[in-house]
Amino acid sequence: MKPPPFAYHAPATLAEALDLLAEHGADAKVLAGGQSLMPLLNMRLAEPAHIVDINRVAGLGGLRADARGVRVGALARHAAVERSAAVAAVQPLLPAALRHVAHPAIRNRGTVVGSLAHADPAAELPAVLAVLDGTVEAVSAAGRRTIRAADFFAGPLESTLRPGELAGSAFFPALPPRTGAAFAETSRRHGDYALAGVAAVVSVDEDLRVSAARAGYLGVAAVPLVLDLTRRARQAQAGRPPGDADWSGVAGFVRERLDPETDIHAGADYRRHLAGVLTERALRAATADALDRARTSAADDEAGW
């Protein structure tokens, strides 16, 4: 199919882009990477009267990683974020998840912020932003506002961005000390949307026992779902040496709290079971990562570095 007719705008400055969005409001869609928008247009699932192409706007492609976290600009491509050594050092969950996003050709063009704004509950990046309690900065002709991940995703393909607003950047907080992360998902074929996926973050204390655990889920709810698994993770480690845990109880706890839908790709029961399996896998890997970081940090302290 071909897209419906629309007016195409290619602003050269941010002010011009925001003026266009303010003028056309809900009748306008922003084009950044276009890897989600163009299929929707071609299938006529979206019929905006105006397309505002921001690819010529200077200053929107920034990517900055520091001790606080990673700030990703609206035009930063998946591939650039995935390959950044600075990003991996500050927030390794981002490249770990990005490796599962579609295929290299898609990642070369698609944008991180565009994926968040698209708000697909089966996509990887919304779950990552949610489990890290990250934020999105919305920009409009009226000013700027910061939206927490918990408030950003309103439903399938629906965010809380207002008409006239542009998702200008996203912020992914850095991992705290003695904290590890891991990402796991299962899809029918590599590059397909995940049947279910888990982004896990685990912290350990000075005794190398689990002190905090969170997991963000994709493909099992209408929005990215985050569960605090701290108490269950501590129970899983009770009476065991550091790094050893019985994660089956945590997986059972997760399955009891999920209510996924059945579709042509998988049944609800299978998705629920799969989420439990992936929870065990991700928590085990995140805990191992946390222990490695804690031991490395302790060794550095002893060496006086």
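Conventions we followed
Residues numbered from 1 in each chain as written. Predicted model: local features only at pLDDT ≥ 70, side-chain atom pairs only at ≥ 80, totals over all residues. Heavy atoms only, no water. Helix = DSSP H or I, 4+ residues; strand = E, 2+ residues; numbered from the N terminus. Rg over C-alpha atoms; globule rule 2.2 N^0.38 Å. Buried < 20%, exposed > 50% of the residue type's maximum accessible area, 1.4 Å probe, protein only. Contact = heavy atoms within 4.5 Å. Areas by Shrake-Rupley, 256 points an atom, 1.4 Å probe, with all protein chains shown as cover. Lys, Arg positive; Asp, Glu negative; His and termini not counted. Charge placed at Lys NZ, Arg CZ, Asp CG, Glu CD. Salt bridge = Lys/Arg side-chain N within 4 Å of Asp/Glu carboxyl O. Pairing = 2+ DSSP bridges. Axes fitted to C-alpha atoms, helices over the stretch in contact; angles between N-to-C directions. Polar contact = N/O pair within 3.5 Å; in protein donor to acceptor, adjacent residues only side chain to side chain. Core = buried A, V, L, I, M, F, W, Y, C linked by side-chain atoms within 4.5 Å. 1 Å grid on protein atoms, 1.4 Å probe; cavity = no way out; pocket = protein on both sides within 12 Å on 5 of 7 lines; lining within 4 Å. Points joined across faces, edges and corners; volume = space filled by probe spheres on them. Nonpolar A, V, L, I, M, F, W, Y, C, P; charged D, E, K, R; others polar. Arc of directions from axis to C-beta. Right-handed = clockwise from strand over helix to strand, strands pointing away.

## Brief notes about the overall build of the protein
- A tally of helices and strands in the protein yields 12 helices and 14 strands.
- Whereas a compact globule of 305 residues would reach a radius of gyration of roughly 19 Å, the protein reaches 20 Å, a difference of no more than 12%.
- Projected onto the principal axes, the alpha-carbon positions of the protein cover approximately 65 × 50 × 30 Å.
- Out of the 305 residues belonging to the protein, those deemed buried represent 51%.
- Contacts in the protein between residues at least 24 apart in sequence constitute 61% of all its contacts with a sequence separation of at least 6.
- If you sum the accessible surface of the protein, you get close to 14,100 Å²; carbon and sulfur atoms cover 51% of it.
- Between the averaged position of the 33 positive side-chain charges in the protein and that of its 34 negative side-chain charges there is a distance of 2 Å.

## Here's the deal with the pattern of salt bridges
- In the structure shown here, the tally under the stated rule is 14 salt bridges.
- Taking the shortest distance from any N to any O, the salt bridge between Asp192 and Arg189 comes out at 3.0 Å.
- Residue classification places Arg189 among the exposed positions, given a relative accessible area of 57%.
- As a salt-bridge pair, Arg271 and Asp263 come within 3.1 Å of each other at their nearest N and O atoms.
- Salt bridges here are not isolated pairs; linked through shared partners, they connect Arg64, Asp66 and Arg68.

## Concerning the sheet that holds strand β11 (residues 179–186)
- If you trace the 4 strands from one edge of the open sheet to the other, you get β11-β12-β13-β14, paired in antiparallel fashion. Only two strands of the sheet have a single neighbouring strand rather than two, namely β11 and β14 (225–228). Geometrically, the sheet is characterised by an average inter-axis angle of 15 degrees between neighbouring strands, direction not taken into account.
- Bridge count for strand β12 (residues 196–204) against strand β13 (residues 210–218) is 8 bridges, and the pairing is antiparallel.

## Overview of the side chain of Glu165
- In this structure, Glu165 sits in the loop between β9 (158–159) and β10 (166–173).
- Looking at Glu165, its side chain comes within polar contact range of the side chain of Arg145, at 2.7 Å.
- Setting aside its immediate chain neighbours within four residues, Glu165 contacts Leu21, Ala138, Val139, Ser140, Arg145 and Thr160.

## Remarks on the sheet that holds strand β2 (residues 28–31)
- Pairing in this open sheet of 3 strands is parallel, and the strands run β1-β3-β2 from one edge to the other. A single partner strand is all that each edge strand has here, and the edge strands are β1 (7–9) and β2. For this sheet the average axis-to-axis angle between neighbouring strands, irrespective of direction, equals 25 degrees.
- Bridge count for β2 against strand β3 (residues 50–53) is 4 bridges, and the pairing is parallel. Counted as the bridge partner of Leu31 is Asp53 from β3.
- Where helix α1 (residues 14–24) meets the sheet, it contacts β1, β2 and β3, and its direction lies at approximately 165 degrees from that of β3.

## Quick look at the nonpolar core
- Of all hydrophobic cores here, the largest spans 41 residues; its most connected members are Val72, Val81, Leu93, Leu116, Val128, Phe172 and Phe183.
- With 6 residues, the top contributor of residues to this core is helix α8 (residues 124–131).
- In terms of nonpolar packing, the next biggest core, distinct from the first, is built from 29 residues, Val202, Val210, Val220 and Ala282 among them.

## Side note on the layout of surface pockets
- Approximately 320 Å³ is the volume found for the second largest pocket.
- Every residue lining the second largest pocket is counted, 19 residues in all, and those nearest its centre are Pro176, Pro177, Arg178, Arg293 and Ser297.
- Mapped onto the lining of the second largest pocket, the elements with two or more residues apiece are α4 (85–90) and α12 (268–303).
- Tallying contributions element by element places α12 first for the lining of the second largest pocket, with 6 residues.
- Split into classes, the residues belonging to the lining of the second largest pocket amount to 11 nonpolar, 2 polar and 6 charged.

## Structural notes on the environment of Arg68
- Relative to the helices and strands, Arg68 is located in the loop between β4 (63–66) and β5 (69–73).
- Here the alpha-carbon distance between Arg68 and Leu175, two residues 107 residues apart in the chain, equals 8.6 Å.
- Those residues in contact with Arg68, other than ones at most four positions away along the chain, are Phe171, Pro173 and Ala174.

## So, helix α11 (residues 248–257)
- Of the residues making up α11, those classed as buried are Val250, Ala251, Phe253 and Val254. Along the axis of α11, the buried residues cluster in a sector spanning 160 degrees; they form a single face.

## Examining the pairing of β3
- Neither face of β3 is exposed, since His50 and Val52 on one face and Ile51 and Asp53 on the opposite face are all buried.
- Of the pairings in the sheet, the one linking β1 to β3 comprises 3 bridges and is parallel in character. When the bridges of β3 are listed, Tyr8 appears paired with Ile51.
- Regarding topology, helix α2 (residues 37–42) serves as the crossover connection from β2 to the parallel β3, and that connection is right-handed.

## Things to note about unusual backbone geometry
- Here Ala119, not a glycine, exhibits a phi torsion of approximately 60 degrees, which is positive.
- As for its placement among the helices and strands, Ala119 is situated in the loop between α7 (112–118) and α8.
- Of note, Leu157 is a non-glycine position whose phi angle comes to about 60 degrees, a positive value.
- Following the sequence through the fold, Leu157 ends up in the loop between β8 (153–155) and β9.

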